[in-house]
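Okay, here's what each chain looks like letter by letter:
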Amino acid sequence: MKKCEETECLMISVYKNHSKAFHYSIWYGQNFLGEVQEDDIMKLLGSETKKFYDKNKVNFLVPKALLKNLVKKPKYY
């Protein structure tokens, strides 16, 4: 990924959240970063979105700034 040569990136794992429809859980190793909605997954993964849906790929290299903007911590009540 060309963006990662210029900025700091993290290797994240993206998994479908079965308790919430159209939400995905974002993990960095064993650390839970937060959740992303279905609409934002394309912004987060960019051109690798097709691999996520078609080939069930879960590990992606994503710029840290994008993670800060799109990933939201869930609120537990």
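Structure's up top.
Residues numbered from 1 in each chain as written. Predicted model: local features only at pLDDT ≥ 70, side-chain atom pairs only at ≥ 80, totals over all residues. Heavy atoms only, no water.

A.B. asks: I'm lost on the overall build of the protein in this one. Help?
C.D. replies: When its secondary structure is counted, the protein shows four helices and four strands. Starting at the N terminus and ending at the C terminus, the protein contains elements arranged as α-β-β-β-α-α-β-α. Taking 2.2 N^0.38 as the reference for a compact globule, 77 residues should give roughly 11 Å; the C-alpha atoms of the protein span a radius of gyration of 12 Å, in line with that estimate. Taking all contacts inside the protein whose residues are at least 6 apart in sequence as the whole, residues at least 24 apart take part in 50%. (Helix = DSSP H or I, 4+ residues; strand = E, 2+ residues; numbered from the N terminus. Rg over C-alpha atoms; globule rule 2.2 N^0.38 Å. Contact = heavy atoms within 4.5 Å.)

A.B. asks: Is there a simple way to explain the pattern of salt bridges in this structure?
C.D. replies: When the charged atoms of two side chains with opposite charge come close together, those side chains can pair. Following the criterion strictly, the structure yields four salt bridges and no others. The salt bridge involving Lys64 is made with Glu8; its shortest N-O contact spans 3.7 Å. You can see Lys64 sitting in helix H4 (residues 64-70) and its partner Glu8 sitting in the loop between helix H1 (3-6) and strand E1 (9-16), a full 56 residues away along the chain. The salt bridge involving Glu35 is made with Lys20; its shortest N-O contact spans 3.1 Å. Taken as a pair, Glu35 in strand E3 (residues 31-37) and Lys20 in the loop between E1 and strand E2 (23-28) lie far apart in primary sequence, 15 residues in all. Residue Glu35 is classed as buried on the basis of its relative accessible area of 8%. (Salt bridge = Lys/Arg side-chain N within 4 Å of Asp/Glu carboxyl O. Buried < 20%, exposed > 50% of the residue type's maximum accessible area, 1.4 Å probe, protein only.)

A.B. asks: Would you take a moment to explain the packing of aromatic side chains for this structure?
C.D. replies: Note on aromatic pairs: each is described by the distance of the centres and the angle between the planes. By the definition in use, this model includes four aromatic pairs. Ring centres of Tyr24 and Phe52 lie 5.3 Å apart, and the angle between their planes is 75°; on these two criteria the pair is classed as edge-to-face. Of this pair, Tyr24 sits in strand E2 while Phe52 sits in helix H3 (residues 49-54), and the two are 28 residues apart along the sequence. As far as the burial class goes, Tyr24 and Phe52 line up, both buried. When the centroid spacing of 6.1 Å and the interplanar angle of 65° are considered together, the rings of Phe52 and Phe60 count as edge-to-face. What makes Phe60 buried here is its relative accessible area of 2%. Taken together, the ring pairs connect Tyr24, Phe52, Tyr53 and Phe60 into an aromatic cluster. (Phe/Tyr/Trp six-rings, centres within 6.5 Å; stacked < 30°, edge-to-face > 60°.)

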